[in-house]
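Now for the letters of each chain:
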Amino acid sequence: MSKLTDNYAFWLFAVACLMLFPHLDVIETNIMESRNFITAREMVTSNHWILTTLNDLPRYEKPPLPTWLTAVSGIVFGFNTIYGMRLPVVLITLLLVFGTFRLSEKIGLSKQQSFHNGLILITSFYIYFAGRDNQWDMYTHSFMIICILFLWNSLNDPKKPFLNAVLAGLFFGFSFLSKGPISIYALLLPFLIAYGFTYKFQLKDKKIYLIIIFVIGLIIGLSWPLYVKWADPATYLQVTKIESSRWGNYNTKPFYYYWSFFTQSGIWTVPAFIALLYPYLKSRVTNLKAYQFTLLWTLASVVLLSIVPEKKSRYLLPVLIPMALNTGFYIEYLIQNFKNISQKKEKGIVYSAFGLIVLICFAIPVVIFIKVKNDLAGFEFWLIGLTLSLFTIGYLLLTNLKKQNFKKVFYSVIAVQAAVIVFGIPFTKLILKNPDYASAKAIRDNEKKLGIKSYELKAFTPEIIWDYGYSIPILLNEKTNKLNLPVENKFGLLAFKKDSITAKKEFSSYTIKETSYIDLNHVPKESKKHNDRLTRIYYIVTKK
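Below, the discussion takes up the overall build of the chain. Of regular secondary structure, the chain possesses 22 helices and 8 strands. Scaling as 2.2 N^0.38, a compact globule of 544 residues should have a C-alpha radius of gyration of about 24 Å, and the chain matches this with 26 Å. In the chain, which comprises 544 residues, the share counted as buried stands at 52%. Taking as baseline every contact in the chain between residues at least 6 positions apart, the subset at least 24 positions apart corresponds to 77%. Mean positive and mean negative side-chain charge positions of the chain (60 and 33 charges, respectively) differ by 8 Å.

Together, Phe362, Val366, Phe369, Ile370, Phe391, Tyr395 and Leu396 make up a nonpolar patch on the protein surface, roughly 640 Å² of accessible area in all. Residue assignment for the nonpolar patch shows that the elements contributing at least two residues are helix H17 (344-372) and helix H18 (380-403). When you line up the elements, Val366 lands in helix H17. We classify Val366 as partly exposed; its relative accessible area is 40%.

Remark: helix H15 (residues 288-307) packs on helix H16 (residues 317-337), axes separated minimally by 9 Å, with the N-to-C direction vectors making an angle of 150°. By the angle between their axes, H15 is roughly antiparallel relative to H16. Once H15 is placed against H16, the crossing between them reads as left-handed. Across the interface between the two elements, Ala290, Tyr291, Thr294, Leu295, Trp297, Thr298, Ser301, Val302 and Leu305 from H15 touch Pro318, Val319, Pro322, Met323, Leu325, Asn326 and Phe329 from H16. Its residues placed into classes, the contact of H15 with H16 shows 12 nonpolar, 4 polar and no charged.

Further remarks concern the pattern of salt bridges. The tally for this structure, following the rule as stated, stands at 12 salt bridges. Asp137 serves as the salt-bridge partner of Lys179, at 2.9 Å between the closest nitrogen and oxygen. Within this pair, whereas Lys179 is found in helix H9 (residues 161-179), its partner Asp137 is found in helix H8 (residues 137-156), the two being separated by 42 residues in sequence. A relative accessible area of 10% places Lys179 in the buried class. Residue class for Asp137 comes out buried when judged on its relative accessible area of 6%. Ionic contacts of the salt-bridge type, sharing partners, join the residues Arg102, Glu105 and Lys111 into one network.

Attention now moves to the side chain of Glu463. With respect to the element layout, Glu463 can be found in helix H22 (residues 462-468). Look at Glu463 and you get buried, because its relative accessible area is 7%. A polar contact is formed between the side chain of Glu463 and the backbone nitrogen of Ile31, at a distance of 3.2 Å. If we skip the residues at most four places from it in the chain, Glu463 touches Thr29, Asn30, Ile31, Ser34, Leu520, Arg533 and Leu534.

Attention now goes to helix H11 (residues 207-231). Its 25 residues give H11 an end-to-end C-alpha distance of 35 Å, which sits within 8% of 36 Å, the value for a rise of 1.5 Å per residue. The largest bend along H11 reaches roughly 40° and is located at Ser223, with the proline Pro225 sitting one to four residues downstream. If you check which residues of H11 are buried, you get Ile212, Ile213, Gly217, Ile220, Gly221, Trp224, Pro225 and Val228.

A word on the sheet that holds strand E3 (residues 454-456). Strand order in the open sheet formed by 4 strands is E3-E6-E8-E7, with mixed pairing between adjacent strands. In the strand order of this sheet, the two ends are held by E3 and strand E7 (510-519), each with one partner. The mean inter-strand angle of the sheet, taken between neighbouring strand axes irrespective of direction, is 25°. Sheet topology places E3 next to strand E6 (residues 490-495); 3 bridges connect them, and they run parallel.

Looking now at the environment of Gln417. For Gln417, the location among the structural elements is in helix H19 (residues 406-424). Looking at Gln417, the relative accessible area reads 9%, which means it is buried. With 124 residues separating them in the primary sequence, Gln417 and Phe293 have C-alpha atoms 28 Å apart. With sequence-adjacent residues up to four places away left out, Gln417 is seen in contact with Met19, Thr123, Tyr128 and Ile267.

Before going further, it helps to examine the side chain of Ser306. Relative to the elements of secondary structure, Ser306 occurs in helix H15. Among the residues examined, Ser306 registers a relative accessible area of 2% and is labelled buried. Apart from residues no more than four positions distant in its own chain, Ser306 is found in contact with Phe255, Tyr258 and Lys311.

Right, let's get into unusual backbone geometry. A positive phi is found at Asn47, a non-glycine position, where the angle reads about 60°. With a phi angle near 65°, Asp56 is a residue other than glycine that sits in the positive phi range. On the secondary structure map, Asp56 appears in the loop between strand E1 (53-54) and strand E2 (57-58).

Here H9 is 19 residues long and its end C-alpha atoms lie 27 Å apart, about the 27 Å a rise of 1.5 Å per residue gives. All of the buried residues along H9 are Asn164, Ala165, Ala168, Gly169, Phe171, Phe172, Gly173, Ser175, Phe176, Leu177, Ser178 and Lys179. The first or second residue beyond H9 is Gly180, which carries a positive phi of 65°.

With that settled, the discussion passes to the nonpolar core. Core analysis: the largest hydrophobic core is formed by 124 residues, its most contacted members being Ile145, Ile148, Phe191, Trp297, Phe354, Phe406 and Phe427. Excluding anything up to four places from it in sequence, Phe427 contacts Ile368, Val372, Leu376, Phe379, Trp382, Leu383 and Leu386.

Bringing the packing of helix H2 (residues 8-20) against H19 into the picture now. Where H2 meets H19, the axes come as close as 8 Å, and the angle between the chain directions of the two elements is 35°. Like other packed secondary-structure pairs, H2 and H19 cross with a definite hand, here left-handed. Here H2 contributes Val15, Leu18 and Met19 to the contact with H19, which in turn contributes Ile414, Gln417, Ala418, Ile421 and Val422. Residues belonging to the contact of H2 with H19 are distributed by class as follows: 7 nonpolar, 1 polar and no charged.

The subject of this paragraph is the packing of aromatic side chains. Evaluation of the coordinates by the stated rule reveals 49 aromatic pairs. Note on Phe293 and Trp297: the rings are 5.5 Å apart at their centroids and 40° apart in plane angle, and the pair reads as tilted. Of this pair, Phe293 and Trp297 both sit in helix H15, 4 residues apart, which is roughly one turn of the helix. The same class applies to Phe293 as to Trp297, namely buried.

Cut-off values and rules
Residues numbered from 1 in each chain as written. Predicted model: local features only at pLDDT ≥ 70, side-chain atom pairs only at ≥ 80, totals over all residues. Heavy atoms only, no water. Helix = DSSP H or I, 4+ residues; strand = E, 2+ residues; numbered from the N terminus. Rg over C-alpha atoms; globule rule 2.2 N^0.38 Å. Buried < 20%, exposed > 50% of the residue type's maximum accessible area, 1.4 Å probe, protein only. Contact = heavy atoms within 4.5 Å. Lys, Arg positive; Asp, Glu negative; His and termini not counted. Charge placed at Lys NZ, Arg CZ, Asp CG, Glu CD. Patch = residues over 30% accessible without salt bridge, like charges linked within 9 Å, V, L, I, M, F, W, Y side chains within 5 Å. Areas by Shrake-Rupley, 256 points an atom, 1.4 Å probe, with all protein chains shown as cover. Salt bridge = Lys/Arg side-chain N within 4 Å of Asp/Glu carboxyl O. Axes fitted to C-alpha atoms, helices over the stretch in contact; angles between N-to-C directions. Parallel < 35°, antiparallel > 145°, perpendicular 65-115°, else oblique. Left-handed = near helix turned anticlockwise from the far one by under 90°. Nonpolar A, V, L, I, M, F, W, Y, C, P; charged D, E, K, R; others polar. Polar contact = N/O pair within 3.5 Å; in protein donor to acceptor, adjacent residues only side chain to side chain. Expected span 1.5 Å × (residues − 1). Bend = angle between axes of the 7 residues up to and from the residue. Pairing = 2+ DSSP bridges. Core = buried A, V, L, I, M, F, W, Y, C linked by side-chain atoms within 4.5 Å. Phe/Tyr/Trp six-rings, centres within 6.5 Å; stacked < 30°, edge-to-face > 60°.

Quick look at the structure:
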């Protein structure tokens, strides 16, 4: 039994699975994920594996490795199952968790502290959120953390230097082939800065291996964009111009926009912030050099991301990786010394931060019950499970805070996260509810009955295309700004409500009948979050 208790890899895997696998198909796809899914589907249905497409139009903005993996999953599990389509990102997130766990050991931390660091990582809000959402970000950073792991071996371990260099270069290339140089800038470069300041580079007899890493990485990473540039130069140039034009004027935010970066860790916000206070923690850690390294790595990543004008909260994902390691130093200090802390203020912060989690444990089931009590039919099991688990964990959390057993407090916080994922996520179906919801699949079913084909008027929405199940041709020619009407005498037409179809001269010889609509919003029309982008009016257009 003691062997199982001390099997940190097993328990880390168990917790990670609880955070990632349950209810993968409950949350609806967003715009970024829909783009990935559509491109993956068109790889298989249209054989667009290299010259990738979105709604059968060239889509060269993102490298294809994540989409290739998603396409393979679609082949295995089918493109109609969201669960199967999201499995690749779950597996890639497991790679990140165990890569970070192993790297934590490499920098000289104990197996237990490395285990705790892995737990902090997988229960950090944006890590498990991104790990359940099949976008490109998790792939590029997960591959890069494995690259960094082998790079560490190349810099510090004289054994198998060539193998370490080849493997580091391989994952460098995989990262590049997932989202371009994003992770090189946001994760690898801050790592190198922190490593240089903390451990100093000893490159004697190692330069050749660093060159190998760089060369292999670039060969793999640049293989796809160079091929696309050769095979479809005009479109590639157009995409490049559009992407480059966005730099400096697209989603621009001030330099200090990321200063609250530690809040992205969710439940670990307070410990993460305290762990950043070097003057306070430097005398309380057992491995000062490793702490300095993780702190510099975290701050360097934030600063480099802050320099870039374009900013989004999801771009902070790479920061959460070294920050989990950094937060672990404060958690480990509390586990070892909480009972011996004499200062009331210092102890009071801990009681306040984790006491709040106790209140949250008791509040969540009550709030959910009040919110959905009239629609509970079929959800009783989830409510009972959520209530019993959170009330029990809340009680244990409170008891161990009183006993000053911080190790059990820490594990209780982990259990809170797992309980919310396992029992809480199903309630999103009740909380996010639109009485006017109308799927695009219904439009497709109607087309089959009528024997017609449907078109988009002038723009497409990825979520609608994904839900519809096939590509939808667009009538508007952007170059000429004219409508290219179908040859069929009768067809379906999707348009925004604001588009005045009957007033357009191109339709003067047609009879237009509004028959239904699409609304993929999961909030009612009265809500400020209701997005017109996810709606369409569906017309049957017949030639007179």
